[in-house]
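Structural description and commentary
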Amino acid sequence: MPFIPDPQEEIKKRLGELARENHPGIDMDDQELKEREQAAQRYAGEDQAHFISYDQDCVRTSVDSMRKIRTVQKDCWAAYNEDAPPQFSQKEDWQSKIVIPKPYGAVQFAMGVVRKAFSSDFLSIENDTNSDVASFWEKLMQHEFNQNHADFTIAFTDSTGMAFAVGQSLEMIPTWRPGEGLKFILVEPWKIHRDPDAISRHPQSGLYWIHQEYLDFHVLKQGEKTGRYTNIDAVTGYLGGSNDDLTPEEIAARKEMYWQRSKYRKAVLTSEFWGTVLDRKGEILLPSCTYTWAGNHVIGLPKRTPYRTLRWPGVSFSPLPHFLRYDGRGLLQGVKTLWHWMCSLMSLHSDSLNWVVNPPKEIGVGSMVDQDDLDDYRGKVTRTRVSGQAQQSRQSGR
């Protein structure tokens, strides 16, 4: 076997091949990408229905394929909030409904361990060729990650807490705000639709990443003024989707609230697409782009992803990853049925004690002076008509 003249060049070549396989269109030059972007924008102006239909199809595919996962996450979220077990709804009014405070504390304990493991200066950047550059970037990131700016430690801990509870973390979306610096937006996992083919531990894998959110109409109008959105006046009224996990009522219920909005606030389901756009033949229209639509109108024209190494801004993870899929497993998934059993067992024990402490009584109503006075409390005196030696009131066993 002949020796490789320059192993580093061979490694770079192989890495380039893998990158082209995982990221379609990476081998296109800037001129070709610019031409495709302009063509896609013209296409969106002429036939915006294709982009809307493509986004809806991607969302529907993600929702349908992950329906079982979302159901488990919903049950785990209810367990984390220590909602009463479902079988308690069938109990009678006199039966005990005891909820043991266990799941919430378990997740908070795990979050405490994660919080303790990080500090504001945990970041380390190395550059063998230029240590001054590495030192500069390390100081800059430590400054932006501190408590006065992004507060990465708390943001990461909260995201991990969601992962401990339901199996998938909050989506961490970095954003730069003038005058404030770096900030992290934390989004619930059921508002993010990933390609079902996304690989475990690889948040940038898959064909697409879609973020759906209900935005107020005035927020969209403000975005139009800044040039982010266009044609907002065409978006009128309240418009929702067919995803049961993303209805306003379901979103409010997960917050243990009711969906209630002022009549002056108009909420519109806004969908932000990131990833590869295909045409009607299944060929690549744009390899890595983003666009936004709401109310059956494209309000953000397709354009190339502004990041050099990322296909979309959001990143999520799971401390307990699944081997075959992207979404992982939560701490409560395997113990929630055991917790339900503990709550039921404690309730049954309480019911048994209630029978002992407060046994049923038999009362001869005919001997009472006031036959409507059936209340029973400590120290009560009941007037009766004594006839013979019969006992008018007695205790009885169960």
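Residue numbering note: each chain is counted from 1, following its sequence as written. Side-chain atom pairs in this predicted model are given and counted only at pLDDT of 80 or more, local residue features only at pLDDT of at least 70, and totals for whole chains, interfaces and linings cover all residues. In computing side-chain values, all of the structure's heavy atoms are included and hydrogens and water are not.

Turning our attention to helix 7 (residues 152-166). Given a rise of 1.5 Å per residue, 15 residues ought to cover 21 Å, and the 21 Å separating the end C-alpha atoms of helix 7 matches this to within 8%. Burial runs high along helix 7: 13 of the 15 residues are buried. Where helices and strands are cited, they refer to DSSP runs of H or I of at least four residues and of E of at least two residues respectively, numbered from the N terminus. A positive phi of about 110° marks Gly-167, the residue just after helix 7. Expected span of a helix: the number of residues minus one, times 1.5 Å. Working definition: with a 1.4 Å probe on protein chains only, accessible area under 20% of the residue-type maximum means buried, over 50% means exposed, and in between means partly exposed.

Here the focus is the environment of Gly-295. In this fold, Gly-295 is placed in the loop between strand 6 (284-294) and strand 7 (297-304). Along the backbone, Gly-295 and Val-268 are 27 residues apart, and their C-alpha atoms lie at a distance of 7.0 Å.

This next bit is on the pattern of salt bridges. Here, a salt bridge means any Lys or Arg side-chain nitrogen found within 4 Å of an Asp or Glu carboxyl oxygen. Applying the stated criterion across every chain, the model contains twelve salt bridges. With a closest N to O distance of 2.6 Å, Lys-191 and Glu-213 form a salt bridge. Of the two residues, Lys-191 is situated in the loop between strand 2 (181-187) and strand 3 (192-194) and Glu-213 in strand 4 (residues 208-216); the sequence distance between them amounts to 22 residues. Where salt bridges share partners, they join Lys-74, Glu-250 and Arg-254 into one cluster.

This brings us to the packing of helix 5 (residues 103-117) against helix 7. All axes here are fitted lines through C-alpha atoms, helices being fitted over the stretch that makes contact, and every angle between N-to-C directions spans 0 to 180 degrees. Taken N-terminus to C-terminus, the directions of helix 5 and helix 7 make an angle of 145°; their axes are 9 Å apart at the nearest point. Remark: the crossing between helix 5 and helix 7 carries right-handed chirality. Residues Val-107, Ala-110, Met-111, Val-114 and Arg-115 of helix 5 pack against Thr-153, Ile-154, Phe-156, Thr-157, Asp-158, Thr-160, Gly-161, Phe-164 and Ala-165 of helix 7. Grouping the amino acids of the contact of helix 5 with helix 7 by side-chain chemistry returns eight nonpolar, four polar and two charged. Left-handed describes a crossing whose near helix is turned anticlockwise from the far helix through less than a right angle; right-handed describes the clockwise counterpart. Note on contacts: a residue pair is in contact if any heavy atoms of the two residues lie within 4.5 Å. Polarity classes work like this: nonpolar for Ala, Val, Leu, Ile, Met, Phe, Trp, Tyr, Cys and Pro, charged for Asp, Glu, Lys and Arg, and polar for all others, with Gly in that last group.

Paired strands, as defined in this entry, are two strands with at least two bridges between them according to DSSP. One open sheet accounts for five strands, arranged 3-4-5-6-7; its pairing is antiparallel. If you trace the sheet from one side to the other, it starts and ends with strand 3 and strand 7, each paired once. When strand polarity is set aside, the average angle formed by the axes of neighbouring strands in this sheet is 15°. Relative to strand 6, strand 5 (residues 267-278) is paired through eight bridges, and the arrangement is antiparallel. Bridge pairing in strand 6 places Leu-278 opposite Ile-284. Most of the contacts of helix 8 (residues 217-225) go to strand 4, to which it runs at about 115°, and overall it touches strand 4, strand 5 and strand 7.

Before going further, it helps to examine the environment of Trp-77. For Trp-77, the position within the fold is in helix 4 (residues 67-80). Its relative accessible area of 16% is what places Trp-77 among the buried residues. Between the C-alpha atom of Trp-77 and that of Tyr-104, which follows or precedes it by 27 residues, the distance is 9.9 Å. With sequence-adjacent residues up to four places away left out, Trp-77 is seen in contact with Met-162, Val-166, Trp-190 and Arg-254.

We now examine the nonpolar core. For our purposes a nonpolar core is just a set of buried Ala, Val, Leu, Ile, Met, Phe, Trp, Tyr and Cys residues, chained together by side-chain atoms within 4.5 Å. If you look at the biggest cluster of nonpolar residues, it comprises 26 residues, and the most contacted ones within it are Trp-77, Tyr-80, Val-107, Met-162, Phe-164 and Val-166. Counting only elements with at least two residues in this core, the list comes to helix 4, helix 5, helix 7 and helix 10 (336-357). Apart from the residues within four sequence positions on either side, Tyr-80 is in contact with Pro-103, Tyr-104, Val-107, Gln-108, Ala-165 and Leu-332. Counting residues in each nonpolar core, the second largest holds 17 residues, with Ile-210, Leu-278, Leu-285 and Leu-286 among its members.

A separate point is the pairing of strand 2. With seven bridges joining them, strand 1 (residues 171-177) and strand 2 adopt antiparallel strand pairing. The partner of Met-172 across the bridge, within strand 2, is Leu-186. Counting the residues in the hairpin turn of strand 1 and strand 2 gives three residues, including Gly-179, whose phi is positive at 85°.

For helix 5, which comprises 15 residues, the first-to-last C-alpha distance of 22 Å matches the rise-based estimate of 21 Å (1.5 Å per residue) to within 8%. Of the positions making up helix 5, those classed as buried are Pro-103, Val-107, Ala-110, Met-111 and Val-114. Burial along helix 5 is one-sided: seen end-on, the buried residues are contained in an arc of 100°. Away from its buried face, by an angle of more than 90 degrees, helix 5 presents the exposed residues Phe-109 and Lys-116. For helix 5, the secondary structure elements touched by its buried residues are helix 4, helix 7 and helix 10. An arc is given here, and it is the one of the directions from the helix axis to the C-beta atoms.

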